[in-house]
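Topology and contacts: notes
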Amino acid sequence: MSEKIISEKKTSYGSLDDVANTALFMAVFIGVWQIVFMLGIWPKISLPSPYMVAESFVKIIWNHSLPVSIGVTLARLVAAFVISIALGTLIGLVMIKFKGFGKMLSSFSAGLLSFPSIAWVPFSILLIGFNDFGILFVVIMSSIFSIMISTYSSIRNIPPIYLDAAKNMGAKGFYLFRHVTIPAATPSLIIGIRQAWSFAWHAIIGAEILMSIVGLGHILSVGRDFLDMGQVIASMITIFAIGLLVDRLLLFKLDERVRRKWGLDQHR
Amino acid sequence: MTKLQAKNIVKHFDHNGNSVLALDGINLNVEEGDFICIVGPSGCGKSTFLNVVAGLEKPNSGEILLNGKPISTPGPDRIMVFQEGALFPWLKVIDNVEFGLKMAGIPKGERRQISERYLDMMQLTKFADSYIYQLSTGMKQRVAIARALAMDPEILLMDEPFAALDSQTRDLLLVELQLIWERTKKTIIFVTHNISESVILGNRVVVFKNRPAKIKKEFVIDYRRPRLAEDENLQKYYHQILEELKSEVMARIKDENQ
């Protein structure tokens, strides 16, 4: 038969080219920054040079405030995110099971999806207090609705033919759920998780700025309190780098793997 | 021996609050080893009938008997080959073929052996570890057939399985399917809107009326096998069936224009 296999496309992400492009972009960015600094439009205290920011980096690494902050922030984030995924998935499944409840909650959640995470802070301080649990609460409330909605819609949007075919072969109950529903919903679930991750990341920095005495958000706000722009920018760069690394190294890779298996990214 | 009996199957659908009659009392006896083709205008309800036999849809009245026993739920004794898109993209070809066997609790080694046998029969051994998107449409349908045969069903249900194929691939599969039928002695119900397909494949061809579907006429095609698409002698059957179907297709078009 004159049929041939479509060759597997190699992934381009993470290749040497990309690293070179990123390095080039950073070099240009730092160069422009240096030039603006030397033009002296802003006083040094408002806009330090790249070198001064590097010094701030060394300082906050040396006095341990940066490593400790990263550790604390990530620990909070992981705890909140795990709870968010577990609870959000569970509620999403209940929404599937009870249709009326699902319909009601999905329009309700759609409103909360765009609710600014920072707007949970006063509520959380008064309800729970000025502590770690208050921060967790803000992060959970900011990310759980994307998990709920994504679980609900991913499962509802599974092409019925997969379920028909599986039932036809005798699959039912938990087996059907485990071996058809979950894998069939996975590409769309991953998108929901990526979105929830980015919401959670926004939320934790905001919450830490306003209600913490330790963490990345906290050293950012300490920088402001002491008029230390170097520390502010160093903290911002750290926040940027962590956000990027987690998305690219973890979530993007996961997404890409699933998409490749399904043949969804042949046009990239 | 009667393998499957459809007794007075009636099926309504709710369409915008109106009840639409899809199947209006279908009676059909399928003998063991029969290759039955159901032809009818598209949208006439022939796929609905197949879904009822598969247990994926419940009839409003009437019953389906398999080996004399009534059935109402899907089961691995009646396996369906769908038109397209029913393979699981998250599984490799061989795992797709094994899916139903795994469900049936057949141990891993035996599963592998069975699925390899059917992949070999469909000339797909080389592609056992491929994912579905890597296959052409024709190969996908061969995987679907291998998956169905691996279940060793009492009846194979085929819902326009070749409709999406190019004509060369279809002609090849029409021959392959006849060979498989002769080799495995399976009972097959094959739904199509394509008259030549029905004449080539069926030892009985059942013509459905336009919606609501009813059996209009049945033809017995007693002709040597394997039958080829280009065989002139099949023309007379083709024309007899076309004569019956013409008025139904016209009725269908009239329905759609209303």
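Structural notes, computed from the coordinates.

Rules behind the numbers
Residues numbered from 1 in each chain as written. Chains lettered and ligands numbered in written order. Predicted model: local features only at pLDDT ≥ 70, side-chain atom pairs only at ≥ 80, totals over all residues. Heavy atoms only, no water. Helix = DSSP H or I, 4+ residues; strand = E, 2+ residues; numbered from the N terminus. Buried < 20%, exposed > 50% of the residue type's maximum accessible area, 1.4 Å probe, protein only. Contact = heavy atoms within 4.5 Å. Lys, Arg positive; Asp, Glu negative; His and termini not counted. Charge placed at Lys NZ, Arg CZ, Asp CG, Glu CD. Axes fitted to C-alpha atoms, helices over the stretch in contact; angles between N-to-C directions. Parallel < 35°, antiparallel > 145°, perpendicular 65-115°, else oblique. Left-handed = near helix turned anticlockwise from the far one by under 90°. Nonpolar A, V, L, I, M, F, W, Y, C, P; charged D, E, K, R; others polar. Pairing = 2+ DSSP bridges. Right-handed = clockwise from strand over helix to strand, strands pointing away. Phe/Tyr/Trp six-rings, centres within 6.5 Å; stacked < 30°, edge-to-face > 60°. Lys NZ or Arg CZ within 6 Å of the ring centre and 35° of its normal.

1. Some remarks on the overall build of chain A
- The helix and strand inventory of chain A stands at 10 helices and 0 strands.
- Start at the N end of chain A and walk to the C end: the helices and strands fall as α-α-α-α-α-α-α-α-α-α.
- Taken along the three principal axes of its C-alpha coordinates, chain A extends 70 × 60 × 30 Å.
- The buried share of chain A, reckoned over its 268 residues, is 42%.
- Considering only contacts in chain A between residues 6 or more positions apart, those separated by 24 or more positions represent 70%.
- Within chain A, one finds 22 positive and 14 negative side-chain charges whose respective centroids are separated by 10 Å.

2. Structural notes on the packing of helix α8 (residues 173-211) of chain A against helix α2 (residues 93-103) of chain B
- Between α8(A) and α2(B), the least distance of the axes is 12 Å, while the angle of their chain directions is 165°. If you check the angle between α8(A) and α2(B), you find them roughly antiparallel. Considering the relative orientation of α8(A) and α2(B), their crossing is right-handed. On α2(B), the residues touching Tyr175(A), His179(A) and Val180(A) of α8(A) are Phe99(B), Lys102(B) and Met103(B).
- Looking at the contact of α8(A) with α2(B) residue by residue, the classes come out as 4 nonpolar, 1 polar and 1 charged.

3. Topic: the environment of Phe108(A)
Residue and element names in this part refer to chain A.
- Inspection of the secondary structure assignment puts Phe108 in helix α4 (residues 99-113).
- A relative accessible area of 51% means that Phe108 is categorised as exposed.
- Residues Phe108 and Arg156, spaced 48 residues apart in sequence, show a C-alpha to C-alpha distance of 17 Å.

4. Overview of the pairing of strand β7 (residues 155-159) of chain B
All names here are of chain B.
- In terms of residue burial, β7 counts as a mostly covered element, since 5 of its 5 residues are buried.
- Taking every second residue as pointing to the same face, both faces of β7 are buried, with Ile155, Leu157 and Asp159 on one and Leu156 and Met158 on the other.
- With 4 bridges joining them, strand β6 (residues 78-81) and β7 adopt parallel strand pairing. Within β7, the position partnered with Val81 by the bridge is Met158.
- Examined bridge by bridge, β7 and strand β8 (residues 187-192) share 5 bridges and lie parallel to one another. Looking at the pairing, Asp159 lines up with Val191 of β8.
- Traced from β7 through helix α5 (residues 167-184) to β8, the parallel crossover comes out right-handed.

5. Concerning the packing of aromatic side chains
- Scanning the entire structure with this criterion turns up 18 aromatic pairs over all chains.
- Between Tyr162(A) and Phe88(B), the aromatic rings sit 6.1 Å apart at their centres with planes inclined by 70°, giving edge-to-face as the arrangement. Taken together, the residues span two chains, with Tyr162(A) in helix α7 (residues 160-168) and Phe88(B) in the loop between β6 and α2. Judged on exposure class, the residue Tyr162(A) and its partner Phe88(B) are both buried.
- With a centroid separation of 6.3 Å and 10° between ring planes, the pair formed by Trp197(A) and Trp201(A) is classed as stacked. Taken together, the positions of Trp197(A) and Trp201(A), both in helix α8 and 4 residues apart, correspond to about one turn of that helix.
- Trp197(A) sits in the buried class, given a relative accessible area of 9%.
- The exposure class of Trp201(A) is buried, given its relative accessible area of 8%.
- Put simply, the rings of Tyr162(A), Tyr175(A), Trp262(A), Phe88(B), Trp90(B) and Phe99(B) touch in pairs and so form one group of aromatic residues.
- The residue whose ring lies beneath Arg248(A) is Phe252(A), and the NZ or CZ to ring-centre distance is 4.3 Å.
- A cation sits over an aromatic face here: Arg147(B) above Phe88(B), 5.1 Å from the ring centre.

6. Some details on unusual backbone geometry
All names here are of chain B.
- Note the cis peptide between Arg225 and Pro226, where omega equals -5°.
- Note that Pro226 resides in the loop between β10 (215-220) and α7 (235-257).
- Unusually for a residue other than glycine, Asn16 sits at a positive phi of about 50°.
- Overall, the relative accessible area of 70% leaves Asn16 in the exposed class.
- The phi dihedral of Asp152 is positive, around 45°, even though this residue is not glycine.
- Its place among the elements puts Asp152 in the loop between α4 (137-150) and β7.

7. What about the sheet that holds strand β1 (residues 2-15) of chain B?
Residue and element names in this part refer to chain B.
- Pairing in this open sheet of 4 strands is antiparallel, and the strands run β2-β1-β4-β5 from one edge to the other. If you trace the sheet from one side to the other, it starts and ends with β2 (18-31) and β5 (69-71), each paired once. Ignoring which end each strand starts from, the neighbouring axes of this sheet average 35° apart.
- One ladder, built from 5 bridges, connects β1 with strand β4 (residues 61-66); its direction is antiparallel. Across the sheet, the residue bridging to Leu4 is Leu66, located in β4.

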